[in-house]
Amino acid sequence: MSNNFESAYQFFEACETGKGWEVCREFCHPEATFISQASALEGISSLEAYCEWMKNLLVIIPNGKYEIKFIAADEERNCVAAIGVIKGTHTEEGGPLPPTGKSFVADYAYNMEFESGLIKHMNKIWNDSISLQQLGWL
């Protein structure tokens, strides 16, 4: 198993359980970038900001749980790809609306690009409009 694979797995675990940048930064370049075409993530361009966004999401969706469906390393390209499913229910204050009590299930993928053993860039592929509809936010 490669160091990139192990670091990506540990990053995924920390990020998806809402540990925030404080824990996730161990696996990333300080200036790691982030991109996603999901409108819910518009304006987020650093991996630090994304990790904090996930941390905040799990405050308003405290039962949020993820499951890794696939993870693999491409050593030639210094990348690790992961596919996951996240589920949860909006039960706490702090979202775009008061708690709806509605649940969501979302498939998503991460592509993490490494440099010198640390994530330098991550792309998230996620159809956020389905999740937002399920939660009653759209």
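Definitions and cut-offs
- Residues numbered from 1 in each chain as written.
- Predicted model: local features only at pLDDT ≥ 70, side-chain atom pairs only at ≥ 80, totals over all residues.
- Heavy atoms only, no water.
- Helix = DSSP H or I, 4+ residues; strand = E, 2+ residues; numbered from the N terminus.
- Expected span 1.5 Å × (residues − 1).
- Contact = heavy atoms within 4.5 Å.
- Core = buried A, V, L, I, M, F, W, Y, C linked by side-chain atoms within 4.5 Å.
- Buried < 20%, exposed > 50% of the residue type's maximum accessible area, 1.4 Å probe, protein only.
- Disulfide = S-S within 2.5 Å.

Enquirer: Quick question: what am I supposed to make of helix α3 (residues 47-60) here?
Expert: Think of an α-helix as 3.6 residues a turn; residues three or four steps apart then line up on the same face. Along its 14 residues, α3 runs 21 Å from first to last C-alpha, staying within 8% of the 20 Å computed at 1.5 Å per residue. Taken together, the buried residues of α3 touch α1 (3-16), α2 (21-24), β1 (28-36), β3 (79-89), β4 (103-115) and β5 (118-126).

Enquirer: Please clarify how the nonpolar core should be interpreted in this entry.
Expert: Generally speaking, soluble globular proteins have nonpolar side chains that are buried together. In terms of nonpolar packing, the biggest core is built from 39 residues, with Phe-11, Leu-47, Tyr-50 and Met-112 touching the most fellow members. Put simply, the parts of the chain that give this core at least two residues each are α1, α2, β1, α3, β2 (65-74), β3, β4 and β5. Sequence-distant contacts of Met-112, that is, excluding residues within four places in its chain, are made with Ala-8, Phe-11, Asn-78, Cys-79, Val-80, Ala-82, Ile-119, His-121 and Met-122.

Enquirer: Before we go on, may I ask you to explain the state of the cysteines in this structure?
Expert: In a disulfide, the sulfur atoms of two cysteines are held together by a covalent bond. As enumerated under the stated definition, the model contains 0 disulfides in all. Here Cys-24 stays free of any disulfide, with the sulfur of Cys-51 as its closest cysteine sulfur at 3.7 Å. In this structure Cys-28 is a free cysteine whose sulfur lies 5.7 Å from that of Cys-51, the closest cysteine sulfur available. Judged by relative accessible area, which is 4%, Cys-28 ranks as buried.

This is a description of form; function is not addressed.
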